[in-house]
Amino acid sequence: MERIVISGGKPLYGEVTVSGAKNAAVAIIPGVVLCDEPCRIENIPNISDVSLIANILRDMGAMVRRVDKNTLDIDPRPINTYEATEEGVRKMRASYYLLGALLGRFHKAKVALPGGCNFGVRPIDQHLKGFQLMGAKNELINGAIIDLDASASFHGARIYFDTVSVGSTINVMLAAVKAEGQTIIENAAKEPHIVDLANFLNSMGANIRGAGTDVIKIRGVEYLHGVTYSIIPDQIEAGTYMAAAAATRGKITVRNITPKHLESISSKLREMGCEIDEYDEAVIVDATKRPLNRVNIKTMPHPGFPTDCQPQFVALLTTVKGTSIVNESVWDNRYQYVSELVRMGANISVEGRLAIIEGGTLTAAPVKATDLRAGAAMLIAGLVAEGTTSISNISYIERGYSDVVTKFQALGADIKKIYIPDPDAVATTA
Ligand code: EPU
């Protein structure tokens, strides 16, 4: 069992460099399946979700070579199956991007239902609606595998999404790149990683217009050529370090970022009383100048405040005097971690989609990461709380944060990863 152990109570100071965006990487890597030549993908984050998706492609026959920590060479040409049903596929949400990518390449796809962080029901009805309109019949096999078949006719379509969905927008974009004719996605999601995926696909020769707006038009092409492509910086990782600086009342420089992607986060921190200085590829967060104010937050699809920073900001708000109200409008059930913060002395009550936070003092405690961003909230709470906080279930954190322990150490945090032998394993060998 591995844990992260933090002796909190020290403000963060210094510089941190943000890695490539997880949610772009896990869409772009499956996107390589559509390419007719090898690709090199740079600025890949060093996280377990990337290793998982790379292994899934390997299992399907792709040649995947890690050039260095942040660069992958992928030759998708040897892939000769439209099936991805191994156990690994279930371990991550983004493996469902193989549905769109394989449908685009083979006009058929058979993919295990995805796993990923659990925040209640995570339907994929909008993905399937898009594929159906493009000519694919779909069947759910044994409640575990989705079987798409568009071999009779695979074509562009006009698709209106009933809800703004990142995954559906990406999946249909992937499928449409090589479909005959034009696909129009209406009510599309606008997240930076959707624009990044479109830029990647266009650099290979795809014809996608409008990514980043709510109407995306894709005209199918026959051939995609190999490229070297560098993934955008991780907006959520940046937001996490910014929240941590504010929570510890420190001052940090966050490098390798795109300030435009951080507007909702920067403006919320400004509203709280932090000083935020933006540069071309860096931002300075200074929470040392004045006491911070309570604020309300409502999560929204981009360009609104990102749901993936909600737990980190709830952790921050537990340190700020007064009552703050957070409204989670994207996910039904993204407050499972609140009981862990309460173990650390936080005063938070949850009513449906609202979390009502009375700021106060946090005390160290043993806590667990209940999902990826919940784990980030535990890190922030641990950095604030006097005493030693130990966080379990850290594999969730490692799914999405590159080198998180060394990055916080470089900011002056007293944090380390430790290995605790499993008591059952000891009992068996004894
Ligand atoms: N939804 C439907 N039907 C669908 C798809 C989605 O009703 O067919 C609903 C969902 O239930 C949810 C809302 O639409 O209420 C938004 O879901 P979306 O499809 O946008 O989420 P996702 O694609 O499954 C991605 C990120 C999540 C992030 C959300 C929202 C990846 C791999 N995951 O998930 O990231 O929370 O968008 O921005 O890109 C994370 O990084 O920690 C994470 C969970």
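Residues numbered from 1 in each chain as written. Predicted model: local features only at pLDDT ≥ 70, side-chain atom pairs only at ≥ 80, totals over all residues. Heavy atoms only, no water.

**Details of the pattern of salt bridges**
And then number 1: By the definition in use, this model includes 24 salt bridges.
And then number 2: Of the charged contacts, one joins Arg-40 and Asp-73 as a salt bridge, the two residues approaching to 2.7 Å between their closest N and O atoms. Of the two residues, Arg-40 is situated in strand β3 (residues 39-42) and Asp-73 in strand β5 (residues 71-75); the sequence distance between them amounts to 33 residues.
And then number 3: When its relative accessible area of 29% is taken as the criterion, Arg-40 is described as partly exposed.
And then number 4: In this structure, the salt-bridge partner of Lys-407 is Glu-237, at a minimum N-O distance of 2.7 Å. Of this pair, Lys-407 sits in helix α14 (residues 404-410) while Glu-237 is found in helix α8 (residues 235-247), placing the two residues 170 residues apart along the sequence.
And then number 5: Of the residues examined, Lys-407 reaches a relative accessible area of 12% and is grouped as buried. (Salt bridge = Lys/Arg side-chain N within 4 Å of Asp/Glu carboxyl O. Helix = DSSP H or I, 4+ residues; strand = E, 2+ residues; numbered from the N terminus. Buried < 20%, exposed > 50% of the residue type's maximum accessible area, 1.4 Å probe, protein only.)

**Some remarks on the domain arrangement of the chain**
In many analyses, interface size is given as the accessible surface area lost on bringing the parts together.
And then number 1: In terms of domains, the chain is made up of domain 1 (2-19 + 233-424) and domain 2 (22-230).
And then number 2: Its C-alpha centre places domain 1 at a distance of 30 Å from the equivalent point of domain 2.
And then number 3: Taken together, the contact pairs 25 residues of domain 1 with 22 residues of domain 2.
And then number 4: Of the roughly 1,900 Å² buried between domain 1 and domain 2, counting both surfaces, carbon and sulfur atoms make up 51%.
And then number 5: For the pair domain 1 and domain 2, the interface holds two salt bridges.
And then number 6: Of the charged contacts in the structure, one is a salt bridge between Asp-403 and Lys-69, with a shortest N-O distance of 3.0 Å.
And then number 7: Applying the counting rule to domain 1 against domain 2 returns nine residue pairs in polar contact (both at pLDDT 80 or more). (Domains from an automatic or database assignment. Contact = heavy atoms within 4.5 Å. Buried area = accessible area lost by both parts, 1.4 Å probe. Polar contact = N/O pair within 3.5 Å; in protein donor to acceptor, adjacent residues only side chain to side chain.)

**Remarks on the sheet that holds strand β7 (residues 108-112)**
And then number 1: As summarised here, the arrangement of the four strands in space is β6-β7-β9-β8, forming an open sheet in which the pairing is mixed. Whereas interior strands pair on both sides, the edge strands pair on one side only; in this sheet they are β6 (83-84) and β8 (137-141).
And then number 2: The sheet contact formed by β8 and strand β9 (residues 145-149) spans five bridges and is antiparallel. Following the sheet pairing, Lys-137 is matched in β9 by Asp-149.
And then number 3: Sheet strands touched by helix α4 (residues 97-106): β6, β7 and β9. Its angle to β7, the strand with the most contacts, is close to 155°. (Pairing = 2+ DSSP bridges. Axes fitted to C-alpha atoms, helices over the stretch in contact; angles between N-to-C directions.)

**Regarding the packing of aromatic side chains**
And then number 1: A complete count under the given rule lists four aromatic pairs for this structure.
And then number 2: Between Tyr-96 and Tyr-97 the ring centres are 5.1 Å apart and the planes differ by 55°, which places this aromatic pair in the tilted class.
And then number 3: The buried category is assigned to Tyr-97, whose relative accessible area is 5%.
And then number 4: Consider the rings of Phe-305 and Phe-313, whose centres lie 5.0 Å apart with planes at 80°: the pair is edge-to-face.
And then number 5: Among the residues examined, Phe-305 registers a relative accessible area of 5% and is labelled buried. (Phe/Tyr/Trp six-rings, centres within 6.5 Å; stacked < 30°, edge-to-face > 60°.)

**Some details on the sheet that holds strand β4 (residues 63-68)**
Pairing between sheet strands relies on hydrogen bonds along the backbone, with the strands arranged either parallel or antiparallel.
And then number 1: What the four strands build is an open sheet, ordered β4-β5-β3-β14; its pairing is mixed. Both edges of this open sheet fall to β4 and β14 (228-230), since each of them pairs with a single strand only. Taking each pair of neighbouring strands and ignoring which way they run, the sheet shows an average axis angle of 20°.
And then number 2: Bridge count between β3 and β5: three bridges; the pairing is antiparallel. In the sheet register, Ile-41 faces β5, and the bridge partner there is Leu-72.
And then number 3: On top of the sheet, helix α2 (residues 48-59) reaches β4 and β5; it is set at about 145° to β4, its chief contact.

**Re the packing of helix α1 (residues 22-31) against helix α7 (residues 192-203)**
And then number 1: Direction vectors running N to C along α1 and α7 enclose 30°, while the axes themselves pass 9 Å from each other. Classified by the angle their axes make, α1 and α7 are roughly parallel. α7 is crossed by α1, and the crossing has right-handed handedness. Contact residues: α1 offers Asn-23, Ala-24, Ala-27, Ile-28 and Gly-31, while α7 offers His-193, Asp-196, Leu-197 and Phe-200.
And then number 2: A per-class count over the contact of α1 with α7 returns five nonpolar, three polar and one charged. (Parallel < 35°, antiparallel > 145°, perpendicular 65-115°, else oblique. Left-handed = near helix turned anticlockwise from the far one by under 90°. Nonpolar A, V, L, I, M, F, W, Y, C, P; charged D, E, K, R; others polar.)

**Some remarks on the packing of helix α6 (residues 166-176) against α7**
And then number 1: Packing of α6 against α7 leaves a shortest axis separation of 10 Å and a crossing angle of 10°. As the angle between them shows, α6 and α7 are arranged roughly parallel. On α7, the residues that touch Val-166, Thr-169, Ile-170, Met-173 and Leu-174 of α6 are His-193, Ile-194, Leu-197, Ala-198 and Leu-201.

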